[in-house]
Amino acid sequence: MSDQPTLNLLWLQSGGCGGCSLSLLCAEGPDLFTLLESAGINLLWHPSLSEASGSELIELLKSILDGEVRLDLLCLEGSVVCGPNGSGKFHRFAGTDQPMMQWIERLAKVAGHVIAVGSCAAYGGITAAGNNPSESCGLQYDEHEKGGLLGQSFSDESGLPVINIAGCPVHPNWVSETLVQLACGELQRQHLDHVGRPRSYADHLVHHGCPRNEFYEYKASAEKSSDLGCMMEHMGCLGTQAHADCNTRLWNGEGSCLRGGYACINCTAPGFEEPGHPFTETPKIAGIPVGLPTDMPKAWFVALASLAKAATPKRLKENAVADHIRVPPSRKPGEKT
Amino acid sequence: MTRRIMGPFNRVEGDLEVELEIESGQVVSAQVSSSLYRGFEQILQGKEPADALVYTPRICGICSVSQSVAAARALAQLSGVTMPTNGDLAINLILANENVADHLTHFYLFFMPDFARETYRNEPWYELIANRFRAQTGSAAREMLAARAQFMHLMGLMAGKWPHSLAIQPGGVSRSIEMQEKARLQAILFGFRRYLESQLFGDSLENIVSLDSADALQAWSVEQPLDRSDFRAFLEVAGELELDQLGQAEDRFMSYGAYQLSGRNSFAQGLWETELEPLDSKLITEDISHSWMGYQTAPKHPFEGVTLPDAEIEQAYSWCKAPRLDGKVVEVGALARQQVDGHPLIRDLVSQSGGNVRNRVIARLLEIARVTLLMESWVREIQPKQPFCDHAAMPQEAQGAGLVEAARGSLGHWIKIRNGRILNYQIVAPTTWNFSPRDAKGQPGALEVALQGAKLRAGEQEPVSVQHIVRSFDPCMVCTVH
């Protein structure tokens, strides 16, 4: 795509763990550097990847703010740290005496597009859990509430709000595809969902492509970690409600949370960090899980579930509570091989 | 005397600032500062113990599996659950996958690009190094990232995803391995070995791990053409720049022991000062005299520790605490781990020149070879159809510790529960040891000592020697400050 103009990308980190960057380094087909090149993206600076350090970087940031260097894409990874008492002192940008939140705010105002990479930068994320000791919030959300650092009315020159590539961490392709679409000018407001996530991955459910789907159909449930059954009934799995394509677009070539044998904790959603119950236990009322699939009437679900349970084949019932396939699919009596 | 503040420090994980006092072209004193506080200890209070398996990996995206393993071990101690052999093997493989990937990332993305700086333009090796390792455009990083991504298919298969897997449980792993998956794991490791042998080492892994002295390493290096491998190129630079004279700390090395299998460590546990001594983790304390931390009057063992921020403390300069072993500063990491374990090459290098920039990097690369060979043996030992996880109920009141070796060194989690909920959770990370601020006695931390004596090149604003020393520890600041 050599006819594309070069886009300058600046990547900053605040109150996060660096995991979204590290996930991005797992990009394959192609690798991260080739990918940026393909989209005509010039990495002005990234904390893990750039040579420039210390005063060289601070000079670069000043020249962006002075309008000497164009900033097309600003990516923030990690939450905006506002504590203690709104002072931002919990994250001072090293080499300067200023809180990071001030740097982010000033740079966002001059950026072509502002991109929150990961649930921390989008909504506050894991850093905002508990009593949110660091007073963390997202760029344009404070958990479910619109606002955040930049305010709910913030939009860039093209009219886009902050683009929330939510996830903990993000899948490398969610980031790369969003960046390429932005570089091509193809990402518009209607391509973001109600909490600012790119619909390219957020219009799917984690449930889609779940390898445990047959267990789900018959409500053959796992009872402990390492069991093969559906994890919705007892193990806290939110795959039927979580917006992401993790089970159709695999992680690290082979995996997903469900394929790894553990529950989906809905890490692409605002407020996922405080589910109000232990993560890997399903809250129930009168034996019925509280959080049922969002677009299904509860009465129907209960009726279908009890019917399905009555019809569960022995194979699924036994395999659901085992750590290996105990009963393989069988042939019908008399069937020819 | 002049003072200089260096920061933000990039190509390290997280936020770091270093304040130097410089006299006659050399560093006489350094203060190392972490500039971020997040508060995981506070977040964890009052949670269900098992929720630590969700929260603690998210302390850090570069060593999240290490955090998982430390949490799982602490929970295992609480509940008394035992682990089937397959559980040990699977956890070792997942942890080794992360540790080896970390070492690779460090060498290629974080450490080597500094030798492609303009300041070295006139060095005879410059062109080779710059073409190979220059940040973003060097040829080595693309090859490494592709090989690393393939290698981490092991993680996809065994842990679902990386980082932030929930596969590691107190009693094993949530994901059993079938016969055909064992075959796949063998193939992944073979592909990775091929990359290491052709690009990183230019020799077989077996030959690398059998280098048993400084002389043997020297002889190996002389035999190899300079452009044969990245290890060879590094040795050239290290020799020319005398990196063995740079960045020595106190040479007191600690390892919690690594890669347990049937109750034994594959790499030994211990403390090395002049000889190998047993390690008593009860002697670990954390001092907060120079940290922006309050509500603790004296150094405390992590079971009794408090981590509460106070941004107004006068003499403080870091969000990092100062851990000490029996009141002393220790260094942790691959060099410490191999020194404690007694690898003959590392023991010989340390006896000649101590802990320093060159030896830290050699230990890391040696460990890539050693651990990859171990991984091959662990895959062979997996018994499909046998259990990978055991289970036990969590008590209402107990305490437990989980000690593990992350890529950067010794990581410990200490948990106390009451009424079935977390009462106290304290984390001491490897970089907390290495990058600690001064303690109440005024003892500087390991990096602060290592920076003393670093020489500046003419006209330098950001002394490159300081950058080499800092990055030779492969710091992970986000773990440090939690």
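This structure is a prediction, so every number in the text was calculated from the model and none was measured.

Q: Explain the overall build of chain A residue by residue, including any values.
A: Of regular secondary structure, chain A possesses 10 helices and 11 strands. By its C-alpha atoms, chain A is 80 × 50 × 35 Å across when sized along the principal axes. Across the 337 residues in chain A, those meeting the buried criterion constitute 61%. Taking all contacts inside chain A whose residues are at least 6 apart in sequence as the whole, residues at least 24 apart take part in 70%. Side chains of chain A carry 25 positive and 37 negative charges; the gap between the two charge centres is 12 Å.

Q: Pulling in residues and values, what's your account of the pattern of salt bridges?
A: Overall, the coordinates contain 48 salt bridges over all chains when judged by the stated rule. The partner of Glu143 of chain B in a salt bridge is Arg132 of chain B, and the shortest N-O contact between them spans 3.1 Å. Taken together, the positions of Glu143 of chain B in helix 6 (residues 139–151) and Arg132 of chain B in helix 5 (residues 126–133) put the pair 11 residues apart, joining distant regions of the chain. Here Glu397 of chain B ties to Arg418 of chain B by a salt bridge, and the two come within 3.8 Å at their closest N and O atoms. Of this pair, Glu397 of chain B sits in the loop between helix 14 (357–381) and strand 15 (398–406) while Arg418 of chain B sits in strand 16 (residues 409–418), and the two are 21 residues apart along the sequence. A network of salt bridges, in which partner residues are shared, links Glu51 and Glu56 of chain A together with Arg11, Asp114, Arg117 and Arg471 of chain B.

Q: Give me the lowdown on the interface of chain A and chain B, citing residues and values where you can.
A: Tallying the contact residues gives 78 residues for chain A and 80 residues for chain B. At the boundary of chain A with chain B, total buried surface from both sides reaches about 6400 Å², with 55% on carbon and sulfur atoms. For Glu312 of chain B, the salt bridge identified is with Lys89 of chain A, shortest N-O distance 3.2 Å. Viewed at the interface, chain B and chain A are joined by 40 residue pairs in polar contact (both at pLDDT 80 or more). Ranked by residues supplied to the side of chain A that touches chain B, first place goes to helix 3 (residues 55–65) of chain A with 4 residues. Looking at the side of chain A that touches chain B residue by residue, the class counts come to 33 nonpolar, 31 polar and 14 charged.

Q: Tell me about the nonpolar core, and name the residues and values.
A: Counting 237 residues, the largest nonpolar core has Leu139 of chain A together with Phe115, Phe201, Phe234, Leu451 and Val470 of chain B as the members making the most contacts within it. By residue number, the principal contributor to this core is helix 4 (residues 85–111) of chain B, which donates 15 residues. Look past the residues within four positions of Phe234 of chain B in its chain and what remains in contact with it is Phe107, Phe111, Met112, Leu243, Arg358, Val361 and Ile362 of chain B. Leu325, Val330, Ala401 and Trp433 of chain B belong to the second-largest nonpolar core, a separate cluster that totals 14 residues.

Q: So what's going on with unusual backbone geometry? Which residues, and what values?
A: Pro30 of chain A follows Gly29 of chain A through a cis peptide bond whose omega is 0°. Secondary-structure assignment places Pro30 of chain A in the loop between helix 1 (19–24) and helix 2 (32–38). Here Trp162 of chain B and Pro163 of chain B are connected by a cis peptide whose omega angle stands at -5°. Looking at the element boundaries, Pro163 of chain B is found in the loop between helix 7 (153–159) and strand 4 (168–169). The backbone phi angle of Arg11 of chain B is positive, close to 50°, even though this residue is not glycine. Positionally, Arg11 of chain B belongs in the loop between strand 1 (2–6) and strand 2 (17–23). Among the residues examined, Arg11 of chain B registers a relative accessible area of 1% and is labelled buried. The phi torsion at Ser24 of chain B lies on the positive side, around 50°, for a residue other than glycine. With respect to the helices, strands and loops of the structure, Ser24 of chain B is situated in the loop between strand 2 and strand 3 (26–33).

Q: Tell me about the environment of Thr105 of chain B, residues and numbers included.
A: Along the polypeptide, Thr105 of chain B turns up in helix 4. Overall, Thr105 of chain B belongs to the buried group, its relative accessible area being 0%. For Thr105 of chain B, the contacting residues outside a window of four places in its chain are Leu25 of chain A together with Phe110, Met144 and Arg148 of chain B. For Thr105 of chain B, the side chain forms a polar contact with the side chain of Arg148 of chain B, separated by 3.1 Å.

Q: Could you give me a rundown of the packing of aromatic side chains, with the residues and numbers involved?
A: Considering all chains together, one arrives at 24 aromatic pairs over all chains under this definition. Between Phe90 of chain A and Trp319 of chain B, the aromatic rings sit 5.2 Å apart at their centres with planes inclined by 75°, giving edge-to-face as the arrangement. With one member in each of two chains, Phe90 of chain A in the loop between strand 4 (80–81) and helix 4 (100–110) and Trp319 of chain B in the loop between strand 13 (308–309) and strand 14 (322–325) form a pair that bridges those chains. Across this residue pair, the class does not change: Phe90 of chain A and Trp319 of chain B are buried. When the centroid spacing of 5.4 Å and the interplanar angle of 55° are considered together, the rings of Tyr120 of chain B and Trp125 of chain B count as tilted. Trp125 of chain B sits in the buried class, given a relative accessible area of 2%. Lying over the aromatic face of Tyr216 of chain A, Lys219 of chain A brings its terminal NZ or CZ to 3.6 Å of the ring centre. We note Arg360 of chain B situated over the ring of Phe473 of chain B; from NZ or CZ to the ring centre the distance is 3.9 Å.

Q: How would you sum up the sheet that holds strand 1 (residues 7–13) of chain A? Please name residues and give values.
A: All names here are of chain A. Here we have 5 strands laid out as an open sheet, ordered 2-1-3-5-9, and parallel in their pairing. Taken across any chain shown, the strands that pair with only one partner, and hence form the sheet edges, are strand 2 (41–45) and strand 9 (163–165). For this sheet, the mean angle separating the axes of adjacent strands, direction not counted, is 25°. Pairing of strand 1 with strand 2, which is carried by 4 bridges, proceeds in the parallel orientation.

Scoring rules and cut-offs
- Every chain's residues receive numbers from 1 upward, in the order its sequence appears when written.
- By the order in which they are written, chains take letters starting at A while ligands take numbers starting at 1.
- This being a predicted model, a pLDDT of at least 70 is required before a residue's local features are given, and a value of 80 or more before pairs of side-chain atoms are given or counted; all residues contribute to the totals for chains, interfaces and linings.
- Note that the side-chain values use all heavy atoms of the structure and ignore hydrogens as well as water.
- Going along the chain from the N terminus, every DSSP run of H or I of four or more residues is numbered as a helix, and every run of E of two or more is numbered as a strand.
- Type-normalised accessible area, obtained with a 1.4 Å probe on protein chains alone, sets the label of each residue: buried when under 20%, exposed when over 50%, and partly exposed for intermediate values.
- Residue contacts are counted whenever heavy atoms from the two residues lie within 4.5 Å of one another.
- The sign given to each residue is positive for Lys and Arg and negative for Asp and Glu; His and the chain ends receive no count.
- Every charge is mapped onto a representative atom, which is NZ of Lys, CZ of Arg, CG of Asp or CD of Glu.
- Basic side-chain nitrogens of Lys or Arg form a salt bridge, by our definition, when they fall within 4 Å of a carboxyl oxygen of Asp or Glu.
- Reported buried area values correspond to the accessible surface (1.4 Å probe) lost by two parts on association, with both partners' losses combined.
- N or O atoms closer than or at 3.5 Å make up a polar contact, with two conditions inside protein: a donor-capable atom paired with an acceptor-capable one, and, for residues adjacent in sequence, both atoms drawn from side chains.
- Throughout, the ten residues Ala, Val, Leu, Ile, Met, Phe, Trp, Tyr, Cys and Pro are labelled nonpolar, Asp, Glu, Lys and Arg are labelled charged, and all others, Gly among them, are labelled polar.
- In these notes, a set of buried Ala, Val, Leu, Ile, Met, Phe, Trp, Tyr and Cys residues joined through side-chain atoms within 4.5 Å is what counts as a nonpolar core.
- Two aromatic rings from Phe, Tyr or Trp, using only the six-membered ring of Trp, form a pair when their centres are within 6.5 Å; if the ring planes differ by under 30 degrees the pair is stacked, by over 60 it is edge-to-face, and anything between is tilted.
- Comment: the charge-over-ring label is applied if NZ (Lys) or CZ (Arg) is within 6 Å of the ring centre and within 35 degrees of the ring normal.
- A pair of strands counts as paired when DSSP detects no fewer than two bridges linking them.
- All axes here are fitted lines through C-alpha atoms, helices being fitted over the stretch that makes contact, and every angle between N-to-C directions spans 0 to 180 degrees.

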